[in-house]
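Structure at a glance
Chain residues, written in single-letter form:
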Amino acid sequence: YYVALCLLWIASPSLSYKFSEMLETHAVDTYGQFVDENESKLKELPPSLVAVEYYTIGLSDPMFGEYQTASVNDPHRGVRKPGLSMNSLYDVFCAIRNDEGDHVQTMSSCLDPKVSTLSPALESRVL
């Protein structure tokens with residue numbers, strides 16, 4: 001997938017971003033359907049330790065917010081940060097779905113020539 005996407009980007013960055021946006025949109029839809037269809041079961045299962053660490057403490061990814069470039073373009077949106085409550089697998093899959101949604105917004109920003117897509121941390125330091 002990665003190599004194919006890089007090759008596509010060499011041929012056409014716009015096509016590469018559009019393809020990524022389509023994949024991320026499919027992921028949002030798939031996770032959303034999974035969460036909706038299995039909500040009661042997922043709420044009974046505990047979250048994995050990795051998910052708790054990633055989504056509540058955030059030590060494994062200090063750049064967590066850097067991939068949410070859509071927050072730069074929408075000042076009311078803000079950067080979603082670690083610190084979410086992870087009480088069950090339901091919470092984990094909802095967080096994953098939301099991450100995929102952030103990726104869709106980032107790819108959409110990359111496709112818009114009117115949008116300057118920078119990292120949230122850089123934006124806050126410069127502006």
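Structure report, in brief.

Calculation rules
Residues numbered from 1 in each chain as written. Predicted model: local features only at pLDDT ≥ 70, side-chain atom pairs only at ≥ 80, totals over all residues. Heavy atoms only, no water. Core = buried A, V, L, I, M, F, W, Y, C linked by side-chain atoms within 4.5 Å. Buried < 20%, exposed > 50% of the residue type's maximum accessible area, 1.4 Å probe, protein only. Helix = DSSP H or I, 4+ residues; strand = E, 2+ residues; numbered from the N terminus. Contact = heavy atoms within 4.5 Å. Patch = residues over 30% accessible without salt bridge, like charges linked within 9 Å, V, L, I, M, F, W, Y side chains within 5 Å. Areas by Shrake-Rupley, 256 points an atom, 1.4 Å probe, with all protein chains shown as cover. Salt bridge = Lys/Arg side-chain N within 4 Å of Asp/Glu carboxyl O.

**Describing the nonpolar core**
- Counting six residues, the largest nonpolar core is built from Ala-51, Tyr-55, Met-86, Val-92, Ala-95 and Ile-96.
- If you list the elements that add at least two residues to this core, you get α3 (49–57) and α5 (89–111).
- Looking at which element gives the most residues to this core, the answer is α5, with three residues.
- Setting aside residues no more than four positions away along its own chain, Ile-96 makes contact with Tyr-31 and Tyr-55.

**Here's the deal with a nonpolar patch on the surface**
- There is a patch of nonpolar side chains on the surface, built from Tyr-1, Tyr-2, Val-3, Leu-7, Trp-9, Ile-10, Phe-19 and Leu-23 and spanning about 930 Å² of accessible area.
- Elements with a contribution of two residues or more to the nonpolar patch: α1 (2–11) and α2 (13–44).
- Here the nonpolar patch gets five residues from one element, more than from any other, and that element is α1.

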